[in-house]
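So the chains spell out like this:
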Amino acid sequence: GGSRRCARAQGRAPHEKERRCPAQSWKHPPWGCQGTEARGLPAARPPPAGMSGGEGGKAMSAVRELVATERSYCGSLRHMLATYHQPLRDAQYKLQPLLLEQDVDCIFGNAEDLLVINTQLLQDLESRLAAPVPPGEPAPRVGDIMKRTAPLLQLYEKYVRNYERSAARLAECQQGKGRATVDFAAFLER
């Protein structure tokens, strides 16, 4: 798949490249490249008294970027599931489904599980960012949130293991191989 970090975090100009979802049938908009205020995140807090703007500003900027990236990623997953996965699932109940159920499962893998985990991570991070920072701290601490979430991120191992198979199955379906219908190609173009 693509990196989940925004363009600026990767050291390249925004919008230089678009990332693709696991199924590679649609492109993610580079939402992570807008300013934090445009995404509804709080403006940077001033550094604590006696601290240069460097440490406090960098720490806060890192936390805000983490929240913004997670928000963008969750939005992209939601969009993919709502636009492609759910309609393909719903089509299973028609006389002529666009894809077989096992093709849909293979292409989308555990994307729904990943959305649940990342949505919870985002909610935890946003709550922490909205909470007052204790005196003397340059930015909200998020290490405990990441530590608590880390074991759940093992679901990405399954995603990575199945990525090649998923991409190959999508390519087969796009070419009309197997039980995929001509309507599937039109579905992807919408």
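Above this note sits the structure.
Each value, and the rule that gives it
- Residues numbered from 1 in each chain as written.
- Predicted model: local features only at pLDDT ≥ 70, side-chain atom pairs only at ≥ 80, totals over all residues.
- Heavy atoms only, no water.
- Helix = DSSP H or I, 4+ residues; strand = E, 2+ residues; numbered from the N terminus.
- Buried < 20%, exposed > 50% of the residue type's maximum accessible area, 1.4 Å probe, protein only.
- Contact = heavy atoms within 4.5 Å.
- Salt bridge = Lys/Arg side-chain N within 4 Å of Asp/Glu carboxyl O.
- Disulfide = S-S within 2.5 Å.
- Core = buried A, V, L, I, M, F, W, Y, C linked by side-chain atoms within 4.5 Å.

## A word on the side chain of His85
Checked against the element boundaries, His85 lands in helix 1 (residues 53-90). For His85, a relative accessible area of 3% gives the class buried. Not counting residues up to four positions away in its chain, the partners in contact with His85 are Met80, Val104, Phe108 and Glu112.

## Quick look at the pattern of salt bridges
According to the stated counting rule, one finds 7 salt bridges in the structure shown. Between Arg89 and Asp105 there is a salt bridge, with its nearest N and O atoms 2.2 Å apart. Of this pair, Arg89 sits in helix 1 while Asp105 sits in helix 2 (residues 101-108); the two residues are 16 residues apart in sequence, bridging distant segments of the chain. A relative accessible area of 36% means that Asp105 is categorised as partly exposed. Of the charged contacts, one joins Arg148 and Asp124 as a salt bridge, the two residues approaching to 3.3 Å between their closest N and O atoms. One end of the pair, Arg148, is in helix 4 (residues 143-149); the other, Asp124, is in helix 3 (residues 111-130), and 24 residues separate them in sequence. Overall, the relative accessible area of 48% leaves Arg148 in the partly exposed class. Salt bridges linked by common partners bring Arg89, Glu101 and Asp105 together as one network.

## What to know about the state of the cysteines
Enumeration over the complete set of coordinates arrives at 0 disulfides. Looking at Cys106, it has no disulfide partner, and the nearest cysteine sulfur is the one in Cys173, 8.2 Å off. For Cys106, a relative accessible area of 8% translates into the label buried. Judged by relative accessible area, which is 2%, Cys173 ranks as buried.

## A word on the nonpolar core
Note that soluble globular proteins tend to have their nonpolar side chains buried in a common cluster. One finds Leu77, Leu88, Leu99, Phe108, Phe184 and Phe187 to be the most contacted residues of the largest nonpolar core, which totals 34 residues. Listing elements by their share of this core, those giving two or more residues are helix 1, helix 2, helix 3, helix 5 (155-174) and helix 6 (182-189). For this core, the element with the most residues is helix 1, which contributes 10 residues.

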